[in-house]
Amino acid sequence: DSGVTQTPKHLITATGQRVTLRCSPRSGDLSVYWYQQSLDQGLQFLIQYYNGEERAKGNILERFSAQQFPDLHSELNLSSLELGDSALYFCASSVGGGSGGPLNEQFFGPGTRLTVL
Amino acid sequence: GESVGLHLPTLSVQEGDNSIINCAYSNSASDYFIWYKQESGKGPQFIIDIRSNMDKRQGQRVTVLLNKTVKHLSLQIAATQPGDSAVYFCAEILIYGQNFVFGPGTRLSVLP
């Protein structure tokens, strides 16, 4: 158990809908990272927040947005869902802000499996 | 955390042998690199990282080598065990998480 929790575990929805995925980092971790893993695209970094502020942006679509709240939990919002958005969505957390070294070891949650029908 | 990519390159090694998993990266400006392990049905797990100003780093049973000249990263696992069977990903990162790019992954299969 990494200490990172994600809800829900599974989510099935229809095209055009909007969903929210939630992540609670390990106690004391300030950074939250979101990743998408699909069969055809592999593992992709979406976005990182550090202590409430956006720190880095990766391959995140405009239909997707995220935020990190004062209690450091984070939500990833996916809207106008398409079939191709079906994937596993992982979040990870670290103490540091992403500069390498021991404080930046990332601990991954169990993931949310999103199925868009 | 199902295994990603039905056509991942696969490395099969005998239990007890050493494994070497390779990764080519693309950005010569990347500041550090991470190796992850992903077992079937689970999320990725951090194994070891290395900063760009180093060429070797050792952990417990693992060694990462960085060759910046040819933009190549390798992960060596000593005395490979059945529990090492997984997909291994490398990632290259610009500092503060910028341009965080994963490699396609290599499936390691440990034979009894």
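All values derive from a computational prediction rather than experimental measurement.

Overview of the sheet that holds strand β3 (residues 19-24) of chain A
Neighbouring strands of a sheet are bound in pairs by backbone hydrogen bonds; such pairs are parallel or else antiparallel. All names here are of chain A. A sheet is described by the order of its strands in space; here four strands give the open sequence β1-β3-β8-β7, paired in antiparallel fashion. The two strands at the open ends of the sheet, each matched to only one other strand, are β1 (5-7) and β7 (64-68). Geometrically, the sheet is characterised by an average inter-axis angle of 15° between neighbouring strands, direction not taken into account. Relative to strand β8 (residues 74-78), β3 is paired through five bridges, and the arrangement is antiparallel. In the strand pairing of β8, Leu-21 is matched with Leu-76.

Quick word on the confidence of the model for chain B
Across chain B, the average pLDDT comes to 89, with 90% of residues at or above 70. For the stretch residues 1-5 of chain B, pLDDT sits under 50, and the model shows 23 contacts to residues farther than four places along the chain or on other chains.

Side note on the nonpolar core
Formed by 21 residues in total, the largest nonpolar core has its most connected members in Leu-21, Trp-34, Leu-76, Leu-78, Tyr-89 and Leu-114 of chain A. Once residues within four sequence positions are removed from consideration, Leu-78 of chain A is found in contact with Gln-17, Arg-18, Val-19, Leu-21, Arg-63, Phe-64, Tyr-89 and Leu-114 of chain A. Counting residues in each nonpolar core, the second largest holds 20 residues, with Tyr-35 and Ala-56 of chain A together with Leu-8 and Phe-100 of chain B among its members.

A look at the pairing of strand β2 (residues 10-13) of chain A
Looking down a regular strand, the side chains alternate between one sheet face and the other. All names here are of chain A. The two faces of β2 differ: Leu-11 and Thr-13 on one face are buried, but His-10 and Ile-12 on the other face are not. With four bridges joining them, β2 and strand β11 (residues 112-116) adopt parallel strand pairing. The residue of β11 that forms the bridge with Thr-13 is Val-116.

Each value, and the rule that gives it
Residues numbered from 1 in each chain as written. Chains lettered and ligands numbered in written order. Predicted model: local features only at pLDDT ≥ 70, side-chain atom pairs only at ≥ 80, totals over all residues. Heavy atoms only, no water. Pairing = 2+ DSSP bridges. Helix = DSSP H or I, 4+ residues; strand = E, 2+ residues; numbered from the N terminus. Axes fitted to C-alpha atoms, helices over the stretch in contact; angles between N-to-C directions. pLDDT = per-residue confidence, 0-100. Contact = heavy atoms within 4.5 Å. Core = buried A, V, L, I, M, F, W, Y, C linked by side-chain atoms within 4.5 Å. Buried < 20%, exposed > 50% of the residue type's maximum accessible area, 1.4 Å probe, protein only.

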